[in-house]
Every structure is written in C-alpha cells, then in structure tokens.
Amino acid sequence: WDNADFSRGVGTTFYQEFLTLNTAKPPFVRDVEEKVRRYLRSSYSAAWTLKITWEKAPAYAARTDTRRTITYQAILTTDGFRSYVLMLYQAGGMQWDYTRLAATNVLIGYT
C-alpha cells in the first residue's frame, strides 16, 4: 500500500462495522464468509467484520495530481480465533501514476 493523500479535499474514507455474533448476518457478511471458505477450503463463521473503503483516493502527494484516483477496500473479519483480510481494488487496476510515487517497486496486494 502506498500513501493516499486526502489533504486537497479529493476522495474520502469510510467504514462499516458488522457485529454478527448471535445475530442475523447481512448478505455482505455471508459473502465474506463464502470467500474465506472458498479460498481457504475451511469452515468459517464470522463474529465480526469491518469494511473500510478508500474512495477516489489520490496518491501522496496530492499536490502533484488529484485527477488519477483509486478506490479500494480492506475487509477485516474474525471468528474470534482466526482473522482474515480481503483486499479489493477497483476494476481496471491501479490508476495512480506509479512513476511519480516515492517507491518505484509498486505492487497491488501485499508481500
């Protein structure tokens, strides 16, 4: 992940928390559970899930270019014993001009 820069008033960050222990699970949480089960081939039932969205985020430093933005999400989820993170990126991939970023070895995802 590189640094997003919201100092110019472009883009926003928001989150939604899902407490699902002993409650009916909304479709979003059921979808997260299904992805964890499918990717890890294990049983999984979420007790808590957090969705964080960075919408139209410009790269740091925004003073150089606020037109090329990216929308991405991190979904954190746990059953109380195991925890997972799903990282989702907008269709079309990275929109930031990676040649202007401080780090030049840019990857989408994590290592």
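Residues numbered from 1 in each chain as written. Predicted model: local features only at pLDDT ≥ 70, side-chain atom pairs only at ≥ 80, totals over all residues. Heavy atoms only, no water.

### Comments concerning the packing of aromatic side chains
So, step 1. Taken as a whole and assessed by the stated rule, the structure comprises four aromatic pairs.
So, step 2. Between Trp54 and Tyr72 the ring centres are 4.9 Å apart and the planes differ by 15°, which places this aromatic pair in the stacked class. On the criterion of sequence distance, the pair formed by Trp54 in strand S2 (residues 48-58) and Tyr72 in strand S3 (residues 69-78) is long-range, its members being 18 residues apart.
So, step 3. Taking the relative accessible area as the measure of exposure, Tyr72 reaches 7% and is therefore buried.
So, step 4. Connected via pairs of aromatic rings, a cluster forms that spans Trp54, Tyr72 and Tyr89.
So, step 5. Across from the ring centre of Phe28, 4.5 Å away, lies the NZ or CZ of Lys51, which sits over that ring. (Phe/Tyr/Trp six-rings, centres within 6.5 Å; stacked < 30°, edge-to-face > 60°. Helix = DSSP H or I, 4+ residues; strand = E, 2+ residues; numbered from the N terminus. Buried < 20%, exposed > 50% of the residue type's maximum accessible area, 1.4 Å probe, protein only. Lys NZ or Arg CZ within 6 Å of the ring centre and 35° of its normal.)

### Some points on unusual backbone geometry
So, step 1. For Arg41, which is not glycine, the phi torsion reads 50° and is therefore positive.
So, step 2. Structurally, Arg41 can be placed in the loop between helix H1 (27-40) and S2.
So, step 3. For Arg41, a relative accessible area of 76% puts it in the exposed group.
So, step 4. Its identity as a non-glycine residue notwithstanding, Lys56 has a phi of 50°, on the positive side.
So, step 5. In this fold, Lys56 is placed in strand S2.

### Things to note about the pairing of S3
Both faces of the sheet carry side chains from a regular strand, because those side chains alternate between them.
So, step 1. Counting buried positions over the ten residues of S3 gives eight, a clear majority of the element.
So, step 2. As defined by bridge partners, S2 adjoins S3 across nine bridges and the pair is classed as antiparallel. In the sheet register, Thr49 faces S3, and the bridge partner there is Thr77.
So, step 3. Relative to strand S4 (residues 83-89), S3 is paired through seven bridges, and the arrangement is antiparallel. By the bridge assignment for S4, Leu76 is matched with Val85.
So, step 4. Counted between consecutive antiparallel strands, the loop separating S3 from S4 contains four residues, among which Gly80 sits at a positive phi close to 100°. (Pairing = 2+ DSSP bridges.)

### Points about the sheet that holds S3
So, step 1. Strands sit in the order S1-S2-S3-S4 across an open sheet of four strands; the sheet is antiparallel. Strand pairing shows two members of the sheet lacking a second neighbour, strand S1 (12-19) and S4, which therefore form its edges. Pairs of neighbouring strands in the sheet enclose a mean axial angle of 15°, with direction left out of account.
So, step 2. Pairing of S1 with S2 involves eight bridges; the strand directions are antiparallel. Within S2, the position partnered with Glu17 by the bridge is Leu50.
So, step 3. Across the face of the sheet, H1 comes into contact with S1, S2, S3 and S4 while running at roughly 105° to S4. (Axes fitted to C-alpha atoms, helices over the stretch in contact; angles between N-to-C directions. Contact = heavy atoms within 4.5 Å.)

### Remarks on the pattern of salt bridges
So, step 1. Evaluated as defined, the whole model comprises five salt bridges.
So, step 2. Between Glu33 and Lys25 there is a salt bridge, with its nearest N and O atoms 2.5 Å apart.
So, step 3. Among the salt bridges present, the one from Lys35 reaches Asp31, with a minimum N-O distance of 2.9 Å. Linking Lys35 with Asp31, this pair stays in helix H1, spanning four residues, or about one helical turn.
So, step 4. One salt-bridge network, in which partners are shared between bridges, spans Lys25, Glu33 and Arg37. (Salt bridge = Lys/Arg side-chain N within 4 Å of Asp/Glu carboxyl O.)

Worth remembering: the numbers are spatial, not functional.
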